[in-house]
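Take a look at the letters that make up each chain.
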Amino acid sequence: MLPVLWPVVVMYVVTYALAGMAIGATTAWVVSRMTKGRRPGLVKDALLGSFGYVSGIISCALMPWPENTVVEQLSGGGSVATTMSRYQHPQRLAVALAILFPLLLELYKWKKHKSAPLT
């Protein structure tokens, strides 16, 4: 296994954080349009999206998962076996969390505003 240099790791984490920010801000904007709410706090929602994306990637890397072995038969008669002990698709979870966190915040703000007494 090749060691990964720390500048490369930092570059990927920053890229994932920016992707999460874009997903979070877009989610907040869409939800605020659907609920006809006031302007969303895009900075807060972008930070929540960033946190969701990065935490999803890191939690998949650190969380144990039941081993999954896939054996593929080659045309020459050989076979290749691959065993994974981590979740194989961390981006799916990361995108789901980057959408879910800002969505929940915007729905909470909408419900809070909707239930506020009129004065």
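Right above here is the structure, for reference.
Residues numbered from 1 in each chain as written. Predicted model: local features only at pLDDT ≥ 70, side-chain atom pairs only at ≥ 80, totals over all residues. Heavy atoms only, no water.

Caption draft 1: How the structure looks around the side chain of Thr-27. Within the secondary structure, Thr-27 is located in helix α1 (residues 6–34). Residue Thr-27 is classed as buried on the basis of its relative accessible area of 12%. If near-sequence neighbours (up to four positions away) are discounted, Thr-27 is found in contact with Ile-99 and Leu-103. (Helix = DSSP H or I, 4+ residues; strand = E, 2+ residues; numbered from the N terminus. Buried < 20%, exposed > 50% of the residue type's maximum accessible area, 1.4 Å probe, protein only. Contact = heavy atoms within 4.5 Å.)

Caption draft 2: Region of the structure containing the packing of helix α2 (residues 42–62) against helix α3 (residues 90–114). Orientation of α2 relative to α3, taken along the N-to-C sense of each, is 150 degrees, at an axis distance of 7 Å. Between α2 and α3 the crossing geometry is right-handed. Across from Lys-44, Asp-45, Leu-48, Gly-49, Phe-51, Gly-52, Tyr-53, Ser-55, Gly-56, Ile-57, Ser-59 and Cys-60 in α2, the residues of α3 making contact are Pro-90, Gln-91, Leu-93, Ala-94, Val-95, Leu-97, Ala-98, Phe-101, Pro-102, Leu-105, Glu-106 and Lys-109. In terms of residue class, the contact of α2 with α3 is built from 14 nonpolar, 6 polar and 4 charged. (Axes fitted to C-alpha atoms, helices over the stretch in contact; angles between N-to-C directions. Left-handed = near helix turned anticlockwise from the far one by under 90°. Nonpolar A, V, L, I, M, F, W, Y, C, P; charged D, E, K, R; others polar.)

Caption draft 3: Summary view of the packing of aromatic side chains. Under the definition given, this model contains 4 aromatic pairs. Here Tyr-12 and Tyr-16 contribute two aromatic rings whose centre-to-centre distance is 6.2 Å and whose plane-to-plane angle is 50 degrees, an arrangement assigned as tilted. Taken together, the residues span about one helical turn, with Tyr-12 and Tyr-16 both in helix α1 at a distance of 4 residues. Ring plane angle 25 degrees and centroid distance 6.0 Å describe the contact between Phe-51 and Phe-101, whose orientation is recorded as stacked. In this pair, Phe-51 is assigned in helix α2 and Phe-101 in helix α3, connecting sequence segments 50 residues apart. What makes Phe-51 exposed here is its relative accessible area of 54%. Of the aromatic side chains, those joined through ring pairs into one cluster are Tyr-12, Tyr-16 and Tyr-53. (Phe/Tyr/Trp six-rings, centres within 6.5 Å; stacked < 30°, edge-to-face > 60°.)

Caption draft 4: Structural view of α3. Taking 1.5 Å of rise per residue, the 25 residues of α3 would be expected to cover 36 Å, and the 36 Å separating its terminal C-alpha atoms lies within 8% of that figure. Among the residues of α3, those classed as buried are Pro-90, Ala-94, Leu-97, Ala-98, Pro-102, Leu-105 and Glu-106. Contact partners of the buried residues in α3: α1 and α2. (Expected span 1.5 Å × (residues − 1).)

Caption draft 5: Highlighting the pairing of strand β1 (residues 68–73). The buried fraction of β1 is low, at 0 of 6 residues. The pairing of β1 with strand β2 (residues 79–84) spans 6 bridges and is classified as antiparallel. Within the sheet, the bridge partner assigned to Thr-69 lies in β2 and is Thr-83. Counting the residues between successive antiparallel strands, the hairpin from β1 to β2 contains 5 residues, one of them, Gly-77, with a positive phi of roughly 105 degrees. (Pairing = 2+ DSSP bridges.)

Caption draft 6: Geometry of the packing of α1 against α3. One way to put it is that α1 packs onto α3 with a least axis distance of 8 Å and a crossing angle of 40 degrees. Put simply, α1 runs oblique to α3. Where α1 crosses over α3, the two elements pack in a sense that is right-handed. Side by side, α1 and α3 meet where Tyr-16, Gly-20, Ile-23, Gly-24, Thr-27, Ala-28, Val-31 and Ser-32 of the first sit next to Gln-91, Val-95, Ala-98, Ile-99, Pro-102, Leu-103, Glu-106 and Leu-107 of the second. (Parallel < 35°, antiparallel > 145°, perpendicular 65-115°, else oblique.)

Taken by themselves, the reported measurements are silent on function.
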